[in-house]
2 protein chains.
Amino acid sequence: MTARTRNPEATRAAILDAAEKIFLGKGYGEASMSQIAAQAGVTKSLLHHYFGSKENLWTEVKTRRFSIYVDHQLAMLEGADPDVNLLMESMKTYFHFLKDNPEMVRILAWVFLERQQDTCMTMDQGLMEAGAVKVAEGQARGEIRADINPHFILFTMVGIVQHWFQDRAHVLERFDGADPDTVDQAYLGDVVKIFFEGILPR
Amino acid sequence: MTARTRNPEATRAAILDAAEKIFLGKGYGEASMSQIAAQAGVTKSLLHHYFGSKENLWTEVKTRRFSIYVDHQLAMLEGADPDVNLLMESMKTYFHFLKDNPEMVRILAWVFLERQQDTCMTMDQGLMEAGAVKVAEGQARGEIRADINPHFILFTMVGIVQHWFQDRAHVLERFDGADPDTVDQAYLGDVVKIFFEGILPR
DNA sequence: TATATTATTAACCGGTCGGCCAGTTAGTTT
DNA sequence: AAACTAACTGGCCGACCGGTTAATAATATA
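Calculation criteria
Residues numbered from 1 in each chain as written. Chains lettered and ligands numbered in written order. Predicted model: local features only at pLDDT ≥ 70, side-chain atom pairs only at ≥ 80, totals over all residues. Heavy atoms only, no water. Helix = DSSP H or I, 4+ residues; strand = E, 2+ residues; numbered from the N terminus. Buried < 20%, exposed > 50% of the residue type's maximum accessible area, 1.4 Å probe, protein only. Contact = heavy atoms within 4.5 Å. Lys, Arg positive; Asp, Glu negative; His and termini not counted. Charge placed at Lys NZ, Arg CZ, Asp CG, Glu CD. Salt bridge = Lys/Arg side-chain N within 4 Å of Asp/Glu carboxyl O. Domains from an automatic or database assignment. Buried area = accessible area lost by both parts, 1.4 Å probe. Nonpolar A, V, L, I, M, F, W, Y, C, P; charged D, E, K, R; others polar. Near = heavy atom within 4 Å. Polar contact = N/O pair within 3.5 Å; in protein donor to acceptor, adjacent residues only side chain to side chain. Expected span 1.5 Å × (residues − 1).

**Comments concerning the overall build of chain A**
Piece 1. For chain A, the helix and strand inventory stands at nine helices and zero strands.
Piece 2. Counting helices and strands in the order they occur from the N terminus, chain A gives α-α-α-α-α-α-α-α-α.
Piece 3. Overall, the C-alpha framework of chain A stretches about 65 × 40 × 40 Å when taken along its three principal axes.
Piece 4. Taken across its 202 residues, chain A has 50% of its residues classed as buried.
Piece 5. Pairs at least 24 residues apart make up 69% of the contacts formed inside chain A by residues separated by at least 6 positions.
Piece 6. Here chain A contributes 21 positive and 28 negative side-chain charges, whose respective centroids are spaced 7 Å apart.

Here is the structure:
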């Protein structure tokens, strides 16, 4: 068989997966190494063998997810010419990305609560800057109103989407019976109307 | 002296204050009853005497803050006639409220992450509903565009403000040197432009 | 095949955790 | 002033925490 009795890389990945599940579920403080080990099907010692400490493990979990996030976002910016329609496309893409990756929304919240200037924060700042440049280009072309700071335009767009997945539970009950996916779609449609009407040149 | 040697209500409040500080600082999991007791200047046993368990204490901390929040928001809605200008006023009021009560932003994040259908969630849903009614009134009067679900209008407004205080750290660095208060003000100004242009009748 | 390396485990460490209990002290009631 | 209730304390408990260590089993290397 090609299946080895030992497979370090797979083990490492299994630990990371388990750690992500536990950490994102209960947060760093309430998660325990034993739980993670059990979830991964290995011994606690092995976590230390691969990652050294609980904190290191948490850091790796965060950066792994965050890298996927940043890559996705940068690709999105790359593909987007800076006119309004493609900014709208970006917003929709971002919306569906968060819808498909709810862990990301949780990580963002945890990172906020830890309020430390870590790698994730730095990555996100770089992303923000890259996006703002694109928006500024759109403004220079006259496709986006220029009397608003490009950083704020981007920030608002991101916020409108992020906030939905963070707090939609508070709204969903008002639409009970309705299919959540339908409500998601309705929100996206309405919010696109508001936002893009608001950033039109005038 | 009027100062009693014992003052249960004051003690209770002191414990709640201490608990809020510790809980919001490090989160439920990493906070410890001993730390809270030390911070409050009482014995650990007393925390159990008043609140029964760590979890109960945490719940009380949350609901206390959340009540203040809800009261403030309801008062804001009460005072507001449902025309656009007063909705704008509400947005600004909300902005300054979160600016003055950063603990609130953290609590909101915790409530999201714990994702349990608790009192806070219920309170917030009631708030959401009350706000949506006001927006709907504005729409009926023709002061707010009627082709958008009133819940989404309110939700977006709240989100734009909340998200700022959750993630502004990522932006602030790009304005380094600048006074944070000035940046806050600049954001509020710009975002008001976007949002209210976006919800105008058309 | 001998040897070094690394993946893996079980047992264990000191320390802290949340919670409990027995007792004391301060106010209240009668 | 006696009896009762509630505030408050110190000390203790078993459980679990993150981390270490010493040994073993599998693999890579020579």
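That covers the picture; the talk isn't over yet.
**Side note on the pattern of salt bridges**
All names here are of chain A.
Piece 1. Enumeration according to the criterion identifies 30 salt bridges over all chains in this entry.
Piece 2. Arg64 is the salt-bridge partner of Asp17, the closest N and O atoms lying 3.0 Å from each other. Of this pair, Asp17 sits in helix H1 (residues 8–30) while Arg64 sits in helix H4 (residues 54–79), placing them 47 residues apart in sequence.
Piece 3. Note that Arg145 is salt-bridged to Asp147, the shortest N-O span being 2.9 Å.

**Some remarks on the domain arrangement of chain A**
Residues and elements named next belong to chain A.
Piece 1. Entries for chain A in the domain assignment read domain 1 (1–52) and domain 2 (62–198).
Piece 2. For domain 1 and domain 2, the distance between their C-alpha centres works out to 31 Å.
Piece 3. Residue-level contacts link ten residues of domain 1 with seven residues of domain 2.
Piece 4. When domain 1 packs against domain 2, close to 610 Å² is buried across both sides, 49% of that on carbon and sulfur atoms.
Piece 5. Looking only at domain 1, the three residues that lose the most surface to domain 2 are Leu16, Glu20 and Leu24, adding up to 70% of its buried area.
Piece 6. Put simply, domain 1 and domain 2 have three salt bridges between them.
Piece 7. Tallied by class, residues from the side of domain 1 that touches domain 2 come to five nonpolar, two polar and three charged.

**Brief notes about the protein's contact with DNA strand D**
Piece 1. Neighbouring DNA strand D are 23 residues; Thr5(A), Lys44(A), Thr43(B), Ser45(B) and Tyr50(B) lie closest to it.
Piece 2. Each atom of DNA strand D within 4 Å of the protein was classed as base or backbone; sugar and phosphate made up 58%.
Piece 3. The contact in question runs from a base oxygen of DNA strand D to an N or O atom on the side chain of Lys44(A), over 2.3 Å.
Piece 4. Secondary structure elements with two or more residues in the surface near DNA strand D: helix H2 (33–40) and helix H3 (44–51) of chain A together with helix H1 (8–26) and helix H3 (44–51) of chain B.
Piece 5. Ranked by the residues each element gives to the surface near DNA strand D, the list is headed by H3(B), at four residues.
Piece 6. When its residues are assigned to classes, the surface near DNA strand D shows six nonpolar, twelve polar and five charged.

**With respect to the protein's contact with DNA strand C**
Piece 1. Of all residues adjacent to DNA strand C, which total 21 residues, the nearest are Ser45(A), His49(A), Thr5(B), Arg6(B) and Lys44(B).
Piece 2. Backbone atoms, meaning sugar and phosphate, form 60% of the atoms of DNA strand C found within 4 Å of the protein.
Piece 3. One of the side-chain N or O atoms of Thr11(A) is found 3.2 Å from a phosphate oxygen in DNA strand C.
Piece 4. Here Arg6(B) contributes a side-chain N or O atom positioned 2.6 Å from a base oxygen of DNA strand C.
Piece 5. The element that contributes the greatest number of residues to the surface near DNA strand C is H3(A), accounting for four residues.

**Describing helix H6 (residues 102–114) of chain B**
All names here are of chain B.
Piece 1. With 13 residues, H6 extends 19 Å between its outermost C-alpha atoms, agreeing within 8% with the 18 Å of an ideal straight helix rising 1.5 Å per residue.
Piece 2. Across the 13 residues of H6, ten count as buried, placing the element largely inside the fold.
Piece 3. Where H6 is concerned, the buried positions are Met104, Val105, Arg106, Ile107, Leu108, Ala109, Trp110, Val111, Phe112 and Leu113.
Piece 4. Positive backbone phi, at 35 degrees, marks Arg115, one or two positions downstream of H6.

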